[in-house]
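Structure at a glance
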Amino acid sequence: MEMRSKLDDYLDALYLERGLSETTLSAYRVDLVGAAAFAEARAQELSDLSDADIQEYIGQLFATGRQTSSIQRRLSALHGYFKYLVRTGQRADDPMARVSRPSKGHMLPKTLSEAEVTCLLDAPDVESTIGLRDRAMLEVLYASGLRVSELCGLLRSQLSLEQGVVRVIGKGSKERLVPLGDAARHWLEAYLKNARPEFADPTGPAVFPGRTGRPMTRQTFWHRLKQLAVKADIQKDLSPHTLRHAFATHLVNHGADLRVVQLLLGHEDLSTTQIYTYVARERLKQLHSQHHPRA
């Protein structure tokens, strides 16, 4: 009970100080509860773990086959939690300051070539209501680089088709304006005029509603994306953010300034955006290896 109370206090503080979404807070809770279970098995409180305990926890995670990225995320959650305990006087020291974190190197995001994106965009049957909706969603996603959650939660009030921009409410409730481009605007207008009235709550605020009229879930969109990838004969393993990664990678490939890409994606830190320069370099290496006579 004491552990749950401390976690609740910490998550409440995160919500108030940083305005994190329920999804993000839930992820923090899952990671911290996992570490708390490790502590409980040792008859300890999570807040009392030492740096040696945490190193042993890392070893246990590796032993169970956890990926480095997953372990790093859990350690990031612990880092924030112990900083909070020190700041609020509940602990004198921060054990995470003495913990070496595993390095995962450059984990390149899954993306698509421009030709593959074209095949995916052409996959929906735009003569059908659902196909026109799918085409509009894919076009908006690729044109704007939105997160899937931002796309699914899009409201009519966030669109300005005359100006060709979308007002996005991103992580931490931060707003940004993102241009749509002519192609996305064309398909979005066609969808809103010819297909949106056929879905639940025809005049409701959700741009892309589910069966109840509320915004479509990320799981539903992910299901549709996988079906369309099969239809487009795309053999790669896709992730829900594949088109977001393609958006950023193709911008960098065509010479876009990294800080502009950072603003469009809504990244707080430029270092998060820099991963796309590595993607671009890897693509150049592949092309060189395939086509240069002395590669």
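The text that follows walks through the structure, step by step, so that each part is easy to find. If you're wondering where the values come from, they're calculated on a predicted model, not measured in any experiment.

With respect to the pairing of strand S3 (residues 175–179)
In summary, the side chains of a regular strand alternate between the two faces of the sheet. Side chains of S3 alternate between two faces, with Arg176 and Val178 buried and Glu175, Leu177 and Pro179 left unburied. Alignment of strand S2 (residues 165–169) against S3, held across five bridges, turns out to be antiparallel. In the strand pairing of S3, Val168 is matched with Arg176. Hairpin connection between S2 and S3: a loop of five residues separates the two successive antiparallel strands, and Gly172 in this loop has a positive phi of roughly 70°.

A short note on helix H9 (residues 218–231)
Taking 1.5 Å per residue as the helical rise, H9 with its 14 residues ought to reach 20 Å, and the 20 Å between its terminal C-alpha atoms agrees with that figure. Close packing links the buried residues of H9 with helix H5 (114–122), helix H6 (129–144) and helix H7 (148–152). Residue Asp233 follows H9 closely and has a positive phi angle near 60°.

A word on the packing of aromatic side chains
In total, this model carries six aromatic pairs according to the counting rule given. Arranged with centres 5.4 Å apart and planes meeting at 70°, the rings of Tyr10 and Tyr81 form a pair that is edge-to-face. Here the residue Tyr10 occupies a position in helix H1 (residues 2–18), and Tyr81 occupies one in helix H4 (residues 68–87), the gap between them amounting to 71 residues. Tyr10 sits in the buried class, given a relative accessible area of 3%. Since its relative accessible area comes to 1%, Tyr81 is described here as buried.

Concerning the packing of H5 against H6
Where H5 meets H6, the axes come as close as 9 Å, and the angle between the chain directions of the two elements is 150°. In terms of their interaxial angle, H5 and H6 are classed as roughly antiparallel. Along its contact with H5, which presents Glu114, Val117, Leu120, Leu121 and Asp122, the element H6 presents Arg135, Leu138, Glu139 and Tyr142.

Examining unusual backbone geometry
In this structure, Ala43 is a non-glycine residue whose phi angle is positive, near 60°. Position of Ala43 among the secondary structure elements: in the loop between helix H2 (22–41) and helix H3 (51–63).

Let's talk about the pattern of salt bridges
Working definition: two side chains of opposite charge can pair if their charged atoms are close together. Evaluation of the coordinates by the stated rule reveals 17 salt bridges. Among the salt bridges present, the one from Asp93 reaches Arg98, with a minimum N-O distance of 2.9 Å. Two residues, Arg224 and Asp134, come together in a salt bridge whose shortest N-O distance is 2.5 Å. Taken together, the positions of Arg224 in helix H9 and Asp134 in helix H6 put the pair 90 residues apart, joining distant regions of the chain. Taking relative accessible area as the criterion, Arg224 reaches 22% and is therefore assigned partly exposed. Sharing partners across several salt bridges, the network here consists of Asp51, Arg91, Asp93 and Arg98.

Each value, and the rule that gives it
- Residues numbered from 1 in each chain as written.
- Predicted model: local features only at pLDDT ≥ 70, side-chain atom pairs only at ≥ 80, totals over all residues.
- Heavy atoms only, no water.
- Buried < 20%, exposed > 50% of the residue type's maximum accessible area, 1.4 Å probe, protein only.
- Helix = DSSP H or I, 4+ residues; strand = E, 2+ residues; numbered from the N terminus.
- Pairing = 2+ DSSP bridges.
- Expected span 1.5 Å × (residues − 1).
- Contact = heavy atoms within 4.5 Å.
- Phe/Tyr/Trp six-rings, centres within 6.5 Å; stacked < 30°, edge-to-face > 60°.
- Axes fitted to C-alpha atoms, helices over the stretch in contact; angles between N-to-C directions.
- Parallel < 35°, antiparallel > 145°, perpendicular 65-115°, else oblique.
- Salt bridge = Lys/Arg side-chain N within 4 Å of Asp/Glu carboxyl O.

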